[in-house]
Amino acid sequence: MPKLRTVAVVAGAALLARRAMRRRIRTSPLWPMPALEEPVSGRPRSRALRLLVTSREEVAEGVVRLRLEGRELPRWEPGAHLDLVLPSGLVRQYSLCGDPEDTSSYTVATRLVPDGRGGSREVHEQVREGMELEVRGPRNRFPLVEAESYVFVVGGIGITPVLPMLRALPDEVEWRLVYCGRDRASMPFVEDVEKLGRDRVTVVEGLPDLDALLAGAPEGAAVYCCGPEGLMAAMEERFPRVHLERFTPRTSGGDAFEVELRRSGRTLTVPADSTVLAAVRAELPDTLYSCEQGFCGTCQQRVLEGEVDHRDELLTDGERADSMLICVSRARGDRLVLDM
Ligand code: FES
């Protein structure tokens, strides 16, 4: 009898945990309600907060973790990210990797990309303890869906949105993590994820053999990937329904095309490996922009003619009918006309 009761208690606890997770997943809003302001142009905007950097710590080679403190901060769900407004005004997105229950601080981590667009360098070189930074969000484009089992494949700093997901999953839920990186020293939070279940975690130093690593992946598992573009493209090939978190948009790819700036009376060529924003700024240097990733909306312009290949995840269908984010989106044909 005692054995049976133990089994029943464990099964009951597992059921309750699974129900709690379902409730969390079902009720998870894309934009946490406390951060909402009234919609602008039909699109919700998040409230800006000024938070104090209370800790800055190197947690792996080339990776710093920042703790940003405030009061009664908007809640978030695993997978969410913050927009961080850097001292120069650049806006960059970083996944939240701390405790979602903590409403007094947010934790993010960033890897230094020496030949990047400047955001990570600014975080590493200029952000110090005691500074105030403006943040917006949190927002979640990478939510944890309900599933019987999960497969996570991450590369390097891509572990940050996945770490809170692993912590949120009830013990009885089956999951596997393939964590790839150059070497252990450069892989943030590798020991934290191993503590969550060493038998469920495969650490790969160097290039992963995805086919071999994922050969036994459970049928029907929810598959998540975050990391370098090459890794995400390889996962997309193998798992068309994979959940991806991209902080670097696919801005190039496709053919060169022409853009006419009707009000300025100029016509530009956008090369296949560049963006409309870069071409426009060469002619009109005061053109407003910020994130260059299709997240903030600063570069939105009205389209007068031509079909747009929208590559952002921000504009609504209504907005897409006559406008585009010129930092990431391109032409479907060979010509666009903008109201600039
Ligand atoms: S600059 Fe942020 S969306 Fe284009």
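Residues numbered from 1 in each chain as written. Predicted model: local features only at pLDDT ≥ 70, side-chain atom pairs only at ≥ 80, totals over all residues. Heavy atoms only, no water.

The strand order β4-β3-β6-β1-β2-β5 describes an open sheet built from six strands, whose pairing is antiparallel. On the outer flanks of this sheet lie β4 (91-95) and β5 (105-111), each paired with one strand and no other. Between one strand and the next, the sheet's axes are offset by a mean angle of 40 degrees, whatever the strand orientation. Bridge count between strand β1 (residues 48-60) and strand β6 (residues 132-139): five bridges; the pairing is antiparallel. Among the inter-strand pairings, Leu52 is bridged to a residue of β6, identified as Glu132. Here helix α2 (residues 119-126) sits on the sheet in contact with β1, β2 (63-69), β4 and β5, set at roughly 115 degrees to β5. (Pairing = 2+ DSSP bridges. Helix = DSSP H or I, 4+ residues; strand = E, 2+ residues; numbered from the N terminus. Axes fitted to C-alpha atoms, helices over the stretch in contact; angles between N-to-C directions. Contact = heavy atoms within 4.5 Å.)

So, on to the pattern of salt bridges. Applying the stated rule across the entire model yields 27 salt bridges. The partner of Arg67 in a salt bridge is Glu69, and the shortest N-O contact between them spans 3.0 Å. On the basis of relative accessible area, Arg67 is assigned to the partly exposed category, the value being 30%. Owing to a relative accessible area of 30%, Glu69 belongs among the partly exposed residues under this scheme. Between Arg92 and Glu292 there is a salt bridge, with the nearest N and O atoms lying 4.0 Å from each other. Separated by 200 residues along the polypeptide, Arg92 in strand β4 and Glu292 in the loop between α7 (276-283) and β14 (300-305) bring together distant segments of the chain. The class for Arg92 is buried, based on a relative accessible area of 5%. Judged by its relative accessible area of 26%, Glu292 falls in the partly exposed class. (Salt bridge = Lys/Arg side-chain N within 4 Å of Asp/Glu carboxyl O. Buried < 20%, exposed > 50% of the residue type's maximum accessible area, 1.4 Å probe, protein only.)

Low-pLDDT portions of the prediction should not be read for the details of their coordinates. On average, the protein scores 85 in pLDDT, and the residues at 70 or more come to 84%. Put simply, helix α1 (residues 2-27) is where the protein has its lowest mean pLDDT, 40, and β2 is where it has its highest, 98. Below a pLDDT of 50 lies the segment residues 1-45, which in the model reaches 54 contacts outside its immediate sequence neighbourhood of four places, other chains included. (pLDDT = per-residue confidence, 0-100.)

Taking burial as the measure, the five residues of strand β12 (residues 257-261) include four buried ones, the bulk of the element. With five bridges joining them, β12 and strand β13 (residues 266-270) adopt antiparallel strand pairing. Within the sheet, the bridge partner assigned to Leu261 lies in β13 and is Arg266. The hairpin formed by β12 and β13 contains four residues between the paired strands, and Gly265 there has a positive phi angle of roughly 70 degrees. Pairing geometry for β12 and strand β18 (residues 335-338), over four bridges, is parallel. Bridging across to β18, Glu260 finds its partner in Val337.

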